[in-house]
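Structure at a glance
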Amino acid sequence: MSDEYRVLIVDDSKAMRIMLKGIMENNGITSNIYEASSGKEAFGAFPEVCPDLIIMDLFMPDGNGLDAIRKIHAIDPTIAILVITSSNDIHDTQDAIRFGAIEVVRKPFIPNEVAMKIQKILRDKDRRIADLYNKTVKLLMKVTSDETKQYVPSGSDKTHLQYLKKKVEGKA
């Protein structure tokens, strides 16, 4: 793949983060790779990194991946999240998908299969950007629909607008 992407790898295991970086490099996925060792750290890094893809473990000592997925997806519902977990609990998989993950891969995994999933997710980036654009248009329509009231963004609207500003300024 020739485009540069931003990928945030979130796993409490340094060895797993190194392995995932190696899989990407060995399969021609050139990326700016950022790391976090917990869901809490990932949520904190997300607005600055503005990743195209998040690869997330579900269970880490300092911050649950499911909580991070839910919070990150609330800010950007178009963000691509690939979960890689050792959990065999079907409820964990269902929750991850319900909270916004695109796909769940179980450890141990076959490196080439993970690489193919990452490549497909990154190729679908344009569709996710179009979704973000459509959400923004709807938000702007909401802002301008009632000229008698002054719209003051709050909550998820404010976070979304801050995130979009970074995207527009090329910092995302």
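Residues numbered from 1 in each chain as written. Predicted model: local features only at pLDDT ≥ 70, side-chain atom pairs only at ≥ 80, totals over all residues. Heavy atoms only, no water.

Working definition: two side chains of opposite charge can pair if their charged atoms are close together. Per the counting criterion, the structure on display carries nine salt bridges. Asp 11 is the partner of Lys 107 in a salt bridge, and the nearest nitrogen-oxygen pair spans 3.1 Å. With Lys 107 in the loop between strand 5 (103-106) and helix 5 (111-123) and Asp 11 in the loop between strand 1 (5-10) and helix 1 (14-26), this residue pair connects regions lying 96 residues apart in the sequence. We note a salt bridge from Glu 35 to Arg 17, for which the minimum N-O separation is 2.6 Å. Of this pair, Glu 35 sits in strand 2 (residues 31-36) while Arg 17 sits in helix 1; the two residues are 18 residues apart in sequence, bridging distant segments of the chain. Note on Glu 35: relative accessible area 25%, which makes it partly exposed. A cluster of three or more residues bridged by salt bridges with shared partners is formed by Lys 14, Arg 17, Lys 21 and Glu 35. (Salt bridge = Lys/Arg side-chain N within 4 Å of Asp/Glu carboxyl O. Helix = DSSP H or I, 4+ residues; strand = E, 2+ residues; numbered from the N terminus. Buried < 20%, exposed > 50% of the residue type's maximum accessible area, 1.4 Å probe, protein only.)

Time to look at the nonpolar core. One finds Val 10, Ile 54, Met 56, Ile 69, Ile 81, Val 83 and Ala 96 to be the most contacted residues of the largest nonpolar core, which totals 24 residues. Going through the elements one at a time, strand 1, helix 2 (39-49), strand 3 (53-56), helix 3 (65-75), strand 4 (80-85) and helix 4 (90-99) are the ones with two or more residues in this core. If we skip the residues at most four places from it in the chain, Ala 96 touches Leu 58, Leu 66, Ile 69, Val 83, Ala 101 and Val 104. One finds Leu 20, Met 24, Ile 29 and Ile 118 within the second-largest nonpolar core, a separate group that totals 20 residues. (Core = buried A, V, L, I, M, F, W, Y, C linked by side-chain atoms within 4.5 Å. Contact = heavy atoms within 4.5 Å.)

Strand order in the open sheet made by the five strands is 2-1-3-4-5, with parallel pairing throughout. Edge positions in the open sheet fall to strand 2 and strand 5, since each of these has one partner strand only. For this sheet, the mean inter-axis angle between neighbouring strands, taken without regard to orientation, is 20°. Lying over the sheet, helix 2 contacts strand 1, strand 2 and strand 3, oriented at roughly 165° with respect to strand 1. (Pairing = 2+ DSSP bridges. Axes fitted to C-alpha atoms, helices over the stretch in contact; angles between N-to-C directions.)

Across the six residues of strand 1, six count as buried, placing the element largely inside the fold. Where strand 1 meets strand 2, six bridges bridge the pair, whose relative direction is parallel. Each residue of the ladder has a partner; that of Val 7, found in strand 2, is Ile 33. Relative to strand 3, strand 1 runs parallel, the two sharing four bridges.

Attention now goes to the packing of aromatic side chains. The geometry of an aromatic ring pair is captured by two quantities: the separation of the ring centres and the angle between the planes. Scanning the entire structure with this criterion turns up zero aromatic pairs. Lying over the aromatic face of Phe 43, Lys 71 brings its terminal NZ or CZ to 5.6 Å of the ring centre. (Phe/Tyr/Trp six-rings, centres within 6.5 Å; stacked < 30°, edge-to-face > 60°. Lys NZ or Arg CZ within 6 Å of the ring centre and 35° of its normal.)

Within the fold, Ser 87 resides in the loop between strand 4 and helix 4. Separated by 3.2 Å, the side chain of Ser 87 and the backbone nitrogen of Asp 89 make a polar contact. For Ser 87, the residues in contact, after removing those within four places along its chain, are Phe 59, Asp 92 and Arg 106. (Polar contact = N/O pair within 3.5 Å; in protein donor to acceptor, adjacent residues only side chain to side chain.)

Moving on to helix 4. Since the α-helix turns once every 3.6 residues, residues separated by three or four places project in the same direction. Those residues of helix 4 that sit buried are Asp 92, Thr 93, Ala 96 and Phe 99. Down the axis, helix 4 shows its buried residues gathered within 140° of arc, on one side only. Residues of helix 4 that are exposed and point over 90 degrees away from its buried face: His 91 and Arg 98. For helix 4, the N-terminal cap is Asp 89; the gap from its side-chain oxygen to the backbone nitrogen of His 91 is 2.8 Å. Immediately beyond the C-terminal end of helix 4, within one or two residues, lies Gly 100, with a positive phi of roughly 135°. (Arc of directions from axis to C-beta.)

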